[in-house]
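Observations on the three-dimensional arrangement
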Amino acid sequence: MLRLVLIALTVTLSASPTQSEDWNQWRGPNRNGQISGATTWPKSLDADRLREEWRIPLGSSYSGPIVVGSRVFVTETQNRSHEVVRALDRTSGKELWQVQWKGALKVPFFARANGSWIRSTPASDGKRLFVAGIRDVLVCLDVASGKQLWQVDFAKRYRSPLPGFGTVCSPLIDGKAVYIQAAGSVVKLDASTGQVAWRSGEETGGGLFGRGLESSAFSSPVIRTLAGKRQLVVQGRKALGGIDLATGRTLWSKAVPAFRGMNIQTPLVIGNSVFTSSYGGGTFLFDVTARNGEFAVKQRWKTTQQGYMSSPVTINGNVFLHLRNQRFTCINPDTGKSNWTTRPFGKYWSMAVNGRRILALDQRGDLLLVDANPEGFRKISSRRVSDNSTWAHLAVSGNQVFIRELNAIAAFSWK
């Protein structure tokens with residue numbers, strides 16, 4: 001049972017539709033790392049330009065914070081037994097409400113060094129907050145009060161095994177629907193009620209979603225228009241595919257090789273093509289076409305470069321990607337050739353993009369400001385923002401940057 005703890009009953013802030021500068025879901029408003037609004041980033045990350053406003057200790061988590069209106073939402077795992085969601089005031093860090101439920105599992109031993117914490121980044125439509133727990137549970141909360149509106153336990157509903165590495169996929173909101181990879185499949189639900197509209201992919205077995213441990217998705221989907229049709233672009237442990245939003249029918253699919261099914265990146269759609277890169281598999285560009293309603297997909301090129309957990313961004317026709325070997329590279333998507341590749345950094349980057357600038361959070365606690373120049377790598381500025389690991393995706397909203405380190409969240413503001 002969900003246990004609700006209302007810390008501040010007198011909060012006057014009401015839920016409102018998401019604003020243009022909200023960072024309301026995984027990788028921002030369009031799930032591609034691009035910020036909204038017209039905030040100009042300064043040329044330095046020094047303390048006199050980027051000031052720390054507040055820092056709040058929290059339990060461990062890998063899920064990124066999201067920002068909706070004047071609130072920040074964060075998750076955590078406490079006592080290896082419960083998952084907690086907090087609403088914080090973005091200006092002061094003051095806790096507005098807290099919700100928790102019983103939920104925890106141990107990931108396989110070879111992945112346990114990084115902890116068995118909640119992983120999925122929440123999403124919000126301004127009125128509701130959607131949070132995926134590690135045990136394949138999707139919880140819908142009221143943004144203003146934290147009250148539970150509905151909950152779906154996918155493992156119980158479909159008698160499916162718990163995801164071996166925990167639920168990683170971040171929910172995706174589209175109008176009145178919410179989508180998530182769960183129960184070894186993709187599920188579409190009514191955002192208001194939690195009623196399931198369709199479940200797709202479970203019958204394919206070794207297709208998009210695999211079996212056993214390999215049915216536990218690592219990637220989060222996007223909605224894009226390919227070959228003239230708006231569709232859900234989803235990457236499972238075995239393959240990449242497009243799914244009809246209305247029916248759940250698979251429109252096309254293409255196998256993507258990866259060691260132990262580590263297809264982790266969020267697919268990057270460029271025109272009518274899809275870019276992805278996998279651990280042990282390589283880097284790929286697939287072209288999607290349609291004729292008389294029938295879709296086809298063809299590999300345009302493949303390189304030996306291997307992505308890992310960091311999802312790419314595209315700027316002015318080039319793709320910028322942090323690789324498994326910890327180097328950062330700029331790729332021409334027309335040919336697959338790299339314009340340049342850097343020395344190694346940390347194991348993971350989360351990135352936000354503003355014009356030609358990339359704000360990158362390295363897992364070692366370093367924040368970097370990079371010029372997205374295809375002629376050569378240029379680091380504009382860098383700064384240590386945490387002495388703890390920073391695996392969670394950063395969030396950027398207006399003049400604020402939110403850093404979720406393993407056991408705390410910190411808010412910084414541009415001067």
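Criteria and cut-off values
Residues numbered from 1 in each chain as written. Predicted model: local features only at pLDDT ≥ 70, side-chain atom pairs only at ≥ 80, totals over all residues. Heavy atoms only, no water. Helix = DSSP H or I, 4+ residues; strand = E, 2+ residues; numbered from the N terminus. Rg over C-alpha atoms; globule rule 2.2 N^0.38 Å. Buried < 20%, exposed > 50% of the residue type's maximum accessible area, 1.4 Å probe, protein only. Contact = heavy atoms within 4.5 Å. Areas by Shrake-Rupley, 256 points an atom, 1.4 Å probe, with all protein chains shown as cover. Lys, Arg positive; Asp, Glu negative; His and termini not counted. Charge placed at Lys NZ, Arg CZ, Asp CG, Glu CD. Polar contact = N/O pair within 3.5 Å; in protein donor to acceptor, adjacent residues only side chain to side chain. Core = buried A, V, L, I, M, F, W, Y, C linked by side-chain atoms within 4.5 Å. Salt bridge = Lys/Arg side-chain N within 4 Å of Asp/Glu carboxyl O. Pairing = 2+ DSSP bridges. pLDDT = per-residue confidence, 0-100. Axes fitted to C-alpha atoms, helices over the stretch in contact; angles between N-to-C directions.

A look at the overall build of the protein chain
A tally of regular secondary structure across the protein chain gives one helix and 33 strands. Against the globule reference of 22 Å for 415 residues, the protein chain gives a C-alpha radius of gyration of 20 Å, in line with a compact fold. Residues classed as buried in the protein chain amount to 59% of the 415 residues present. The long-range share in the protein chain, meaning contacts at least 24 apart out of those at least 6 apart in sequence, stands at 55%. Of the accessible surface of the protein chain, which amounts to about 16,300 Å², a share of 46% is contributed by carbon and sulfur atoms. When the 53 positive and 29 negative side-chain charges of the protein chain are each reduced to one mean point, those points stand 4 Å apart.

Here we look at the side chain of Asp244
Looking at where Asp244 falls in the secondary structure, it is placed in the loop between strand E17 (239-243) and strand E18 (250-255). Residue Asp244 is classed as buried on the basis of its relative accessible area, which comes to 9%. At 3.1 Å, the side chain of Asp244 and the side chain of Lys229 are in polar contact. Reaching out from Asp244, the side chain makes a polar contact with the backbone nitrogen of Ala246 at a distance of 2.9 Å.

Section: the nonpolar core
With 28 residues, the main nonpolar core has Trp41, Leu359, Leu367, Leu394, Val396, Val401 and Ile403 as its most contacted residues. Mapped onto this core, the elements with two or more residues apiece are strand E2 (50-57), strand E4 (71-78), strand E28 (357-362), strand E29 (366-371), strand E31 (395-397), strand E32 (400-405) and strand E33 (408-414). Top contributing element to this core by residue count: E33, with five residues. Residues in contact with Trp41, not counting those within four places in the same chain, are Ile35, Ala352, Val353, Asn354, Arg357, Ile358, Leu359, Leu369, Val396 and Trp414. The next biggest cluster of nonpolar side chains, apart from the first, holds 17 residues, and it includes Ala132, Trp150, Ile173 and Ala191.

Side note on the pattern of salt bridges
The final tally for this structure, using the stated rule, is 16 salt bridges. The salt bridge partner of Arg86 is Glu76, with a shortest N-O separation of 2.4 Å. One end of the pair, Arg86, is in strand E5 (residues 82-89); the other, Glu76, is in strand E4, and ten residues separate them in sequence. For Glu76, a relative accessible area of 1% puts it in the buried group. For Arg86, the salt bridge goes to Glu95, with nearest N and O atoms at 2.4 Å. Residue classification places Glu95 among the buried positions, given a relative accessible area of 17%. When salt bridges that share partners are traced, they join Asp362, Arg364, Asp366, Arg384 and Asp387 into one network.

Topic: the environment of Arg27
On the secondary structure map, Arg27 appears in the loop between strand E1 (3-5) and E2. When the C-alpha positions of Arg27 and Asp387 are compared, they lie 23 Å apart, and in sequence the two are 360 residues distant. With residues up to four places along the chain from it excluded, the contact list for Arg27 reads Asn32, Gly33, Gln34, Thr266, Ser311, Pro312, Val313 and His393.

Quick look at the pairing of strand E25 (residues 327-331)
Buried residues dominate E25, accounting for four of its five residues. The turn linking strand E24 (residues 318-322) back onto E25 is made up of four residues, and Gln326 within it adopts a positive phi angle of 75°. Inspection of the sheet shows E25 paired to strand E26 (residues 338-344) by four bridges, in the antiparallel sense. Residue Arg327 lies in a different strand from E26, and its bridge partner there is Pro344.

Comments concerning the confidence of the model for the protein chain
Averaged over every residue, the pLDDT of the protein chain is 91; the share at 70 or more is 92%. Confidence drops under pLDDT 50 across residues 1-16; counting only partners more than four residues distant or on other chains, this segment forms 34 contacts.

Describing unusual backbone geometry
For Asn292, which is not a glycine, the phi torsion comes out positive at approximately 55°. In this structure, Asn292 sits in the loop between strand E21 (282-291) and strand E22 (294-303). For Asn292, a relative accessible area of 75% puts it in the exposed group. You will see that Asn316, though not glycine, has its phi angle at about 50°, which is positive. By the secondary structure assignment, Asn316 is in the loop between strand E23 (313-315) and E24.

Overview of the sheet that holds E31
Where strands meet in a sheet, backbone hydrogen bonds hold them as pairs that are either parallel or antiparallel. Read across the open sheet, the four strands follow the order E2-E33-E32-E31; overall the sheet is antiparallel. Because the sheet does not close on itself, it has two edges, and the strands there are E2 and E31. Pairs of neighbouring strands in the sheet enclose a mean axial angle of 20°, with direction left out of account. Across three bridges, E31 lies against E32 in antiparallel orientation. Note that in E32 the partner of Ala395 across the bridge is Phe402.

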